[in-house]
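These are the residues of each chain, in order.
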Amino acid sequence: MATKKTISDQVRIAIDASGLSRYRIAKELAVSESTISRFMNGKGGLSMEYLDRLGLLLGLKVTSENPTRKDR
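Residues numbered from 1 in each chain as written. Predicted model: local features only at pLDDT ≥ 70, side-chain atom pairs only at ≥ 80, totals over all residues. Heavy atoms only, no water.

Q: Sorry if this is basic, but what is going on with helix 3 (residues 33–40) here?
A: Given 3.6 residues to a turn, an α-helix orients residues that are three or four positions apart in the same direction. Buried residues of helix 3: T35, I36, F39 and M40, and no others. Seen along its axis, helix 3 keeps its buried residues to an arc of 130°; they face one direction. On its buried face, helix 3 is in contact with helix 1 (7–18) and helix 2 (22–29). Following helix 3 by one or two positions, G42 adopts a phi angle in the positive range, close to 75°. (Buried < 20%, exposed > 50% of the residue type's maximum accessible area, 1.4 Å probe, protein only. Helix = DSSP H or I, 4+ residues; strand = E, 2+ residues; numbered from the N terminus. Arc of directions from axis to C-beta. Contact = heavy atoms within 4.5 Å.)

Below is the structure:
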């Protein structure tokens, strides 16, 4: 059975697949390149502000594998 990937793992995969350099991503997000490097190596996180900017930059969309349940 395949291991499910975390959201952070999925974002890392999207960054690698984007074709953009870590330098360019850092400049676009207005963060240091070391911040991006730490995130990519699993040694640090990104704030929601930077994740929002990254999502816009890469055209990311969050979806659920589970159907939503309506409140009863």
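Q: What am I meant to see in the environment of D52 here?
A: Note that D52 resides in helix 4 (residues 48–58). Between the C-alpha atom of D52 and that of D9, which follows or precedes it by 43 residues, the distance is 16 Å.

Purely geometric numbers; function is a separate question.
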